[in-house]
Amino acid sequence: MRDMDVFEAIKGRRSIRSFAPRPVEEEKLHKILEACRWAPSAVNRQPWELIVVKDRDLLRKLAELAPYGRFIAEAPLAIAVVTNPSSRWHIIDGSLLTQNLMLAAHALGLGTCWIGTMDRERAKEILGIPKDKHLLTVIPVGYPAEAGSSWRKPLKDFVYLNRYGAPYFKG
Ligand SMILES: Cc1cc2nc3c(=O)[nH]c(=O)nc-3n(C[C@H](O)[C@H](O)[C@H](O)COP(=O)(O)O)c2cc1C
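Reading the values: the criteria
Residues numbered from 1 in each chain as written. Predicted model: local features only at pLDDT ≥ 70, side-chain atom pairs only at ≥ 80, totals over all residues. Heavy atoms only, no water. Buried < 20%, exposed > 50% of the residue type's maximum accessible area, 1.4 Å probe, protein only. Helix = DSSP H or I, 4+ residues; strand = E, 2+ residues; numbered from the N terminus. Pairing = 2+ DSSP bridges. Near = heavy atom within 4 Å. Polar contact = N/O pair within 3.5 Å; in protein donor to acceptor, adjacent residues only side chain to side chain. Areas by Shrake-Rupley, 256 points an atom, 1.4 Å probe, with all protein chains shown as cover. Nonpolar A, V, L, I, M, F, W, Y, C, P; charged D, E, K, R; others polar. Salt bridge = Lys/Arg side-chain N within 4 Å of Asp/Glu carboxyl O.

A. Highlighting the pairing of strand β2 (residues 77–83). Taking burial as the measure, the seven residues of β2 include seven buried ones, the bulk of the element. Bridge count for β2 against strand β4 (residues 134–142) is seven bridges, and the pairing is antiparallel. Counterpart to A80 in the pairing with β4 is V138.

Shown next as structure tokens:
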């Protein structure tokens, strides 16, 4: 099977909030981690670490800490993205890595969802993350049990020509 075209991956990825019990193959997980590794970062500092969480009990505990991410409990695994605040770009760098993660997963037929709201201090304790590190997000990964749906503003609503507010796309 050919690899998915990058535009297809970008447009086709949806947040997935329901997962099949099917496990994720190690080869696929490895490809996803490799895609993370090649994310860009300011001054190439790579201020990130990842925790692959497969322990069901830990997944359940993380789900309890995420009011809009209860579905972490049913994912076969989740990836915690930990960044180092000693780089002032750590959130941007970690976010770029996470976008790679989500696109690579989608290209391999897997679903993900960025979990934003979480009791981070408690989640850090549960995962043994040092106090001076930042838990950016926890991304559940698994085979989708739903299609997901979303929408986007049309280009004409946010792309300007030369000056703020001047339409680029007419009509
Ligand atoms: C910073 C950030 C935080 C998010 N937090 C959550 C969350 O806590 N729970 C959730 O279900 N989705 C969360 N999402 C997913 C968004 O709701 C989703 O990306 C958006 O609705 C667009 O849908 P799509 O990803 O399917 O295209 C988050 C996304 C981002 C970028």
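That covers the picture; the talk isn't over yet.
B. Seen up close, the site of the ligand. Near the ligand, the surroundings consist of 13 residues, among which R14, S15, R17, Y68 and R152 are the closest. Within the contact set of the ligand, a nitrogen atom lies 3.2 Å away from a backbone nitrogen or oxygen of W114. R152 has a polar side-chain atom sitting 2.8 Å from an oxygen atom of the ligand. Computed on the free molecule, the ligand has an accessible area of 620 Å², of which 64% lies beneath the protein chains in the complex. Of the residues that constitute the shell around the ligand, the class distribution is five nonpolar, four polar and four charged.

C. Here's a closer look at the pattern of salt bridges. Enumeration according to the criterion identifies seven salt bridges in this entry. The salt bridge involving K54 is made with E26; its shortest N-O contact spans 2.4 Å. With K54 in the loop between β1 (48–53) and α3 (56–64) and E26 in helix α2 (residues 26–37), this residue pair connects regions lying 28 residues apart in the sequence. Residue K54 is classed as partly exposed on the basis of its relative accessible area, which comes to 44%. When the shortest N-O distance is used, the salt bridge between K133 and E49 registers 3.3 Å. One end of the pair, K133, is in the loop between α5 (120–127) and β4; the other, E49, is in strand β1, and 84 residues separate them in sequence. Of the residues examined, E49 reaches a relative accessible area of 43% and is grouped as partly exposed.

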